[in-house]
Amino acid sequence: MPSKSNMCSISVMESFPDELVQAQREWSRTYAELSVARPRNPTALRRRLLRLSLWIEQHPFFRTSPGRSPAARFELRRLVRETERRADVS
């Protein structure tokens, strides 16, 4: 039987809106582009990162019951990292 915390994270993961997951993916990719030694156009990347951060932060999902907890934000980032990792392996 899954633990209570696992059950909570599973229900949160299943309820993330697609556009929120996509924005988090774009945020992660932009962050990775900015983290290289000499990124192309770092100012544009920083601005994009800021815009995505604000968009994600202000998404209506985080005002709903499953999105209200800080764990939901962590789960979103974890979910995106996991799916990206699986895509890299494939």
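See above for the structure.
Below: a short report on this structure. (Residues numbered from 1 in each chain as written. Predicted model: local features only at pLDDT ≥ 70, side-chain atom pairs only at ≥ 80, totals over all residues. Heavy atoms only, no water.)

Section: helix α3 (residues 42–57)
Phase 1 of the analysis: Taking 1.5 Å of rise per residue, the 16 residues of α3 would be expected to cover 22 Å, and the 22 Å separating its terminal C-alpha atoms lies within 8% of that figure.
Phase 2 of the analysis: Packing partners of the buried residues in α3 comprise α2 (18–34) and α4 (70–89). (Helix = DSSP H or I, 4+ residues; strand = E, 2+ residues; numbered from the N terminus. Expected span 1.5 Å × (residues − 1). Contact = heavy atoms within 4.5 Å.)

Notes on the packing of aromatic side chains
Phase 1 of the analysis: Per the stated rule, a full pass over the model turns up 3 aromatic pairs.
Phase 2 of the analysis: On the numbers, 5.2 Å between centres and 55° between planes, the contact of F16 with F61 is tilted. Of this pair, F16 sits in the loop between α1 (4–15) and α2 while F61 sits in the loop between α3 and α4, placing them 45 residues apart in sequence.
Phase 3 of the analysis: Assessed through its relative accessible area of 6%, F16 is described here as buried. (Phe/Tyr/Trp six-rings, centres within 6.5 Å; stacked < 30°, edge-to-face > 60°. Buried < 20%, exposed > 50% of the residue type's maximum accessible area, 1.4 Å probe, protein only.)

Regarding the side chain of T30
Phase 1 of the analysis: Relative to the assigned elements, T30 resides in helix α2.
Phase 2 of the analysis: On the basis of relative accessible area, T30 is assigned to the buried category, the value being 3%.
Phase 3 of the analysis: Ignoring any residue separated from it by four or fewer positions in sequence, one finds T30 in contact with L45, R48, L49 and L52.

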